[in-house]
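Close look at the chain arrangement
Next come the chains, spelled out residue by residue.
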Amino acid sequence: MMLGDGVDPLQHTSMYQRALEDSEDSDGEGGLGNVSRVVIRPPGHSGKAKRGHLCFDAAFETGNLGRADLVGEFEYDLFLRPDTCNPRYRFWFNFTVDNVKQDQRVIFNVVNINKKKNLFKDGMTPIVKSSGRPKWQRLSKSHVFFYKSNQHQNNYVLSFTFAFDREDEVYQFALASPYSYSRLTSYLSVLETKFPEKRFQRSTLTHSLQNRKLELLTIDHVEKPEKVDSKNKLRVIFILARTHPAEAPTSFVIQGLIEFLIGNHPIAQILRSNFIFKIIPMINPDGVFLGNNRCNLIGQDMNRTWHVATEFSHPTIWATKNLFKEYDQSDCYQIDFVIDLHAHANLLGSFMYGNTYEDVYRYERHLVFPKILSTNAQDWISENMMFNADDKKTGSVRRFCCEKLSDNVNSYSLEVSMCGFFLKGTQIMTQYTDDGYMRLGRNLARTFLEYYRFINVLPVPITSEIRSKRGRPKTHCARARSRIRREVQTRPKTTRTNAPISYKDLSVCYDSDTSYDGSPIRTSYHGYGFGTRSTGNIYLNQDQFSLLHIQSSKFNTLDFTNELRPRAAAKSPPKYRSSTRDETVALPPKPYLTIIDFNQLTRGGLEQAAKTKSSSIDLPKIRSSSKGRLPSKL
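Predicted, not measured: the structure shown is a model, and the values here were computed from it. (Residues numbered from 1 in each chain as written. Predicted model: local features only at pLDDT ≥ 70, side-chain atom pairs only at ≥ 80, totals over all residues. Heavy atoms only, no water.)

Considering the side chain of Glu 215
As for its placement among the helices and strands, Glu 215 is situated in strand S13 (residues 213-219). For Glu 215, a relative accessible area of 3% puts it in the buried group. Within the structure, the side chain of Glu 215 is placed 3.0 Å from the side chain of Arg 202, a separation counted as a polar contact. Setting aside its immediate chain neighbours within four residues, Glu 215 contacts Thr 185, Leu 188, Arg 202, Ser 203, Ile 279, Ile 280 and Pro 281. (Helix = DSSP H or I, 4+ residues; strand = E, 2+ residues; numbered from the N terminus. Buried < 20%, exposed > 50% of the residue type's maximum accessible area, 1.4 Å probe, protein only. Polar contact = N/O pair within 3.5 Å; in protein donor to acceptor, adjacent residues only side chain to side chain. Contact = heavy atoms within 4.5 Å.)

Details of the confidence of the model for the chain
Mean pLDDT over the chain stands at 79; residues scoring 70 or higher make up 68%. In this model, residues 590-606 is a region of pLDDT below 50 whose contacts with residues beyond four sequence positions or in other chains number 16 contacts. The low-confidence segment residues 609-617 (pLDDT under 50) makes 5 contacts with residues lying over four places distant or belonging to another chain. (pLDDT = per-residue confidence, 0-100.)

Comments concerning the environment of Asp 331
With respect to the element layout, Asp 331 can be found in the loop between helix H5 (315-328) and strand S16 (333-344). Taking the C-alpha atoms as reference points, Asp 331 and Val 228, 103 residues apart in sequence, are found 7.8 Å from one another. Look past the residues within four positions of Asp 331 in its chain and what remains in contact with it is Val 228 and Lys 233.

Focus on the nonpolar core
In terms of nonpolar packing, the biggest core is built from 101 residues, with Phe 56, Phe 108, Phe 164, Phe 173, Ile 339 and Phe 448 touching the most fellow members. Ranked by residues supplied to this core, first place goes to helix H8 (residues 434-454) with 9 residues. Judged by nonpolar contacts, the second largest core, of 24 residues, contains Ile 280, Trp 306, Val 338 and Leu 405. (Core = buried A, V, L, I, M, F, W, Y, C linked by side-chain atoms within 4.5 Å.)

Side note on the sheet that holds strand S2 (residues 55-57)
Pairing within the open sheet is antiparallel, and its 6 strands lie in the order S1-S2-S5-S11-S7-S8. Looking at the sheet topology across the chains shown, the edges are occupied by strand S1 (38-39) and strand S8 (137-138). The pairing of S2 with strand S5 (residues 94-98) spans 3 bridges and is antiparallel. Within S5, the position partnered with Phe 56 by the bridge is Val 97. (Pairing = 2+ DSSP bridges.)

As structure tokens, this is what we get:
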């Protein structure tokens, strides 16, 4: 090999060589764009495509698929389109497949993923939906593989098997639930229609390079005083999302936050009345529209260019920086928080990245908010948090705000996993859903309230004010009450004594293996003889212990002084006569509950049930097997 010659990581690996020119229905998909209605025909087939010749399409908003090759009878190699003007990033995918055949089984190999370290090794799987079943579902872990492939130049390959069960439907596969720019604009328009009382203000901060709006939401019901001094400034909170286009979960987090803040919850009303929220739900609209993984239109990572951004190359960042400086230098406003939302592809759960400061008091104040948020979010993983002043992150939002804004500004990166989280105290992983991401946004709003109460900006309510009020059922009819309210006096403290027990025929069985320990000795009568147990105690038949058989005259000999259970007076063992049966019996103990340790009883069974045999699918065997041996379930 000559000097300078290298191996193309996107080199064609199909056993079926395609023509150099594009097909009639490819629409130039072999170049830089996404595939557009590409029908994959087997070798030797010409003419109109038949049912079962898969048709791939990614020429839509947030779509990403650069090429699809048939490499076997039912196996396809899929090549992701790199970010525009930057071939380094290839991780996000979103495409559709149609023209399928009933019960057709396939293997898809995504062969050019650039991230070797990701959550595919920890249980993350692609999601799928169809035109008839619009709810996203994750593929089974047993059908997804992430491995180093010798057939693909030792690159890591994501392979997953799938069975198409309906012919008349279009199937869509994606890395995570997409959230497009059009969906955001439609959502904001619906909110404006739903809340005509103007609970928020929607404005356009600037336009992107492709002339898309940079939406800015302001949630502000703060009463503006006539004069604002330096000690009583209006507090402002900035929240950003979608700096990286592939991190679609952050849009659901920001949606949950917006819906909570403009809602009718008492916490939301308090926050709106005391603080100003500035929310930028999509700071990189061009990258989201194009289906990029991390970059904007000109191929630059927008979370590494805040310190070098210009008005012409990064208009959205430039406008946001000017907005920060305007509020930070104002005599009326004070920026308390700048939180940048991100989705993490390598770690589980939710956590925060923060900064470090030479000032100890500022550093301690910087740690308070993540600590409070960790108590509200059940998916929080403290081990993943990190606070540093790394020079490599100088161009990020949190590092820029830490260095360029005032000392009172707390800037964080709130991270949430693209996969799931472990339940606290267990090793059970729960996959995130759209509602799970929105729940994190609601928890973020609750944390703001607790934080400002902690630093004495908001008053802490009295216990009687936060006591929960349980509503009565609608069928309940309240009784008429007097209009004169009387003050309820506290009940005097008195010693409580146990009332005597009135015995009835409860037909209680006293013969229990778990309740005889600590009970008085009981005499047993069984027929005309005696029965003994391993403990040496003698018991009566339970029918003979029916409480109706006990004479009332015998109760004057009972002793209730030491314990609740009635105990017979000490006397010599009774003599039984089979003729009259007018004998003296020992009073049975009072029925009492016995604590049974179910862990001790079932521990062996649980350990035996937990030892399950793990089953896996050998991918090379799948390739060499017939269609019928592939997994038929999703």
